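Structural description and commentary
In case you want the letters, here they are:
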Amino acid sequence: MWKKVTLGAFALLLGLLANTHMVCRVSINGEAVEGCYSPWAHDRGLLAAVKAADEIFAGSTSLPVVKTGCGLSLRPPSGSAAELSGAVLDSARGIEPMDAVYVNSVPLGKVEDGERLMEKLRGYLLYTMPTSAVGGTFSEELSVRRVYTRSGSATNYDDMVLLVSGMAPAVYVDREGNRVMG
């Protein structure tokens, strides 16, 4: 009987060990980051944050204090390297997320809020629309992408509207579908 109990306990232990995962829990400046990371995602996330901060500040990086605790868990790791690097960069002094503006993949600058810029661009289109037009758009592809950059490096919204309208002039359409220049 003891032999069966011992073998059963050993099989249960092997089953638990087969289903455990190595996980890393991270705290930034003393505050725990939600989720747990695989050692691979942890290392990749921290390396990406350091490289991004070095690129932004050209070597004089002041990253937050990051502490890692590793252990075993029955739950698989759920955090990604991108989430961890984002959390580190969000906590770094002098670095903030902004929206980079592109016209045909040519960078024009950065603004604090891409949605606010789009509202201003829609307002520009409405303000400059000829009376015979029923709709308008910009002549080139306009895109906005979230990036990390130095704090205080945002372009003024009105200046960005002028940059965009200079690179991608407005094109309007009348009721018959003909193009009307603004």
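Read on for an overview of the structure. In this text the structure is predicted, and so the values were computed from the model without any measurement.

1. Let's talk about the sheet that holds strand β2 (residues 31–32)
- Taken in spatial order, the three strands make up an open sheet running β2-β1-β3, and their pairing is antiparallel. The sheet is open, and its two edges are formed by β2 and β3 (66–73), each paired on a single side.
- One ladder, built from eight bridges, connects strand β1 (residues 21–28) with β3; its direction is antiparallel. By the bridge assignment for β3, Val26 is matched with Thr68.

2. Examining the packing of aromatic side chains
- Tallied over the entire structure, the rule returns one aromatic pair.
- Between Tyr124 and Phe138, the ring centres sit 6.2 Å apart and the planes meet at 10°, which makes this aromatic pair stacked. Residue Tyr124 is found in helix α4 (residues 114–128), and its partner Phe138 is found in strand β6 (residues 133–138); the two are separated by 14 residues along the sequence.
- Given a relative accessible area of 24%, Tyr124 falls into the partly exposed group.

3. Quick notes on the environment of Ile56
- Looking at where Ile56 falls in the secondary structure, it is placed in helix α2 (residues 39–57).
- By relative accessible area, which is 15% here, Ile56 ends up buried.
- Between the C-alpha atoms of Ile56 and Leu121, which are 65 residues apart in sequence, the distance is 28 Å.
- Contact partners of Ile56, with chain neighbours within four places excluded, come to Ile95, Tyr148, Thr149 and Arg150.

4. Section: the packing of α2 against helix α3 (residues 81–91)
- Where α2 meets α3, the axes come as close as 8 Å, and the angle between the chain directions of the two elements is 40°. By the angle between their directions, the pair α2 and α3 is classed as oblique. For α2 against α3, the interelement crossing comes out right-handed. Contacts between α2 and α3 involve Ala41, His42, Arg44, Gly45, Leu46, Ala48, Ala49, Ala52 and Ala53 from the former and Ala81, Leu84, Ser85, Val88 and Leu89 from the latter.

5. Focus: the sheet that holds strand β7 (residues 142–150)
- With antiparallel pairing, three strands are arranged side by side in an open sheet as β5-β4-β7. Here the strands that pair on one side only, and so sit at the sheet edges, are β5 (106–111) and β7. Between one strand axis and the next, the sheet turns by 35° as a mean value, whatever way the strands run.
- Of the pairings in the sheet, the one linking strand β4 (residues 95–103) to β7 comprises nine bridges and is antiparallel in character. Counterpart to Val101 in the pairing with β7 is Val144.
- Of the strands in this sheet, β4 and β7 touch α2, which is tilted by about 90° from β7.

6. Here's the deal with a negative patch on the surface
- A grouping of Glu112, Asp113, Glu115 and Glu119 is seen on the molecular surface, where their side chains present a negatively charged patch.
- On the secondary structure map, Asp113 appears in the loop between β5 and α4.

7. Overview of the packing of α4 against helix α5 (residues 157–167)
- Contact geometry for α4 and α5: axes closest at 10 Å, N-to-C directions at 60°. On the basis of their axis angle, the class for α4 and α5 is oblique. In this structure, the crossing between α4 and α5 has a hand that is right-handed. Where α4 abuts α5, its residues Arg116, Leu117, Lys120, Leu121 and Tyr124 lie against Tyr157, Asp158, Met160, Val161, Val164 and Ser165.
- A breakdown of the residues in the contact of α4 with α5 according to their chemical character gives seven nonpolar, one polar and three charged.

8. Some thoughts on the side chain of Ser27
- Looking at where Ser27 falls in the secondary structure, it is placed in strand β1.
- If we skip the residues at most four places from it in the chain, Ser27 touches Ala32, Val33, Val65, Val66 and Lys67.

Criteria and thresholds
- Counting of residues starts from 1 at the beginning of each chain's written sequence and follows it residue by residue.
- Since the coordinates come from a predicted model, pLDDT governs what is reported: local features require at least 70, and pairs of side-chain atoms require 80 or more to be given and counted, while whole-chain, interface and lining totals use all residues.
- The basis for the side-chain values is all heavy atoms of the structure; hydrogens and waters are excluded.
- We treat two strands as partners when DSSP finds at least two bridges between them.
- Going along the chain from the N terminus, every DSSP run of H or I of four or more residues is numbered as a helix, and every run of E of two or more is numbered as a strand.
- Note on ring pairs: Phe, Tyr and Trp rings are taken, using the six-membered ring of Trp, and paired if centres are within 6.5 Å. Classes follow the plane angle, with under 30 degrees stacked, over 60 edge-to-face and the rest tilted.
- Throughout this description, buried means an accessible area under 20% of the type-specific maximum (1.4 Å probe, protein chains only), exposed means over 50%, and partly exposed covers the range between.
- Any two residues whose heavy atoms approach within 4.5 Å at even a single point are treated as in contact.
- Between N-to-C directions, angles span 0 to 180 degrees; the directions come from axes that are lines fitted to C-alpha atoms, helices contributing only their stretch in contact.
- Oblique is the label for any angle not covered by the other classes, which are roughly parallel (under 35 degrees), roughly antiparallel (over 145) and roughly perpendicular (65 to 115).
- By definition, turning the near helix anticlockwise from the far helix through less than a right angle yields a left-handed crossing, and turning it clockwise yields a right-handed one.
- Two joining distances apply to patches: 9 Å for like charges and 5 Å for nonpolar side chains (Val, Leu, Ile, Met, Phe, Trp, Tyr), and every residue must have over 30% relative accessible area and no salt bridge.
- Here the accessible surface of atoms and residues is derived via Shrake-Rupley with a 1.4 Å probe, and residues count as covered only by protein chains that are part of the display.
- Throughout this description, the term salt bridge denotes a Lys or Arg side-chain nitrogen within 4 Å of a carboxyl oxygen of Asp or Glu.
- Only four residue types enter the tally: Lys and Arg on the positive side, Asp and Glu on the negative side, with His and both chain ends excluded.
- A single reference atom marks each charge: NZ on Lys, CZ on Arg, CG on Asp, CD on Glu.
- The nonpolar class holds Ala, Val, Leu, Ile, Met, Phe, Trp, Tyr, Cys and Pro. Asp, Glu, Lys and Arg form the charged class, and all remaining residues, Gly among them, are polar.

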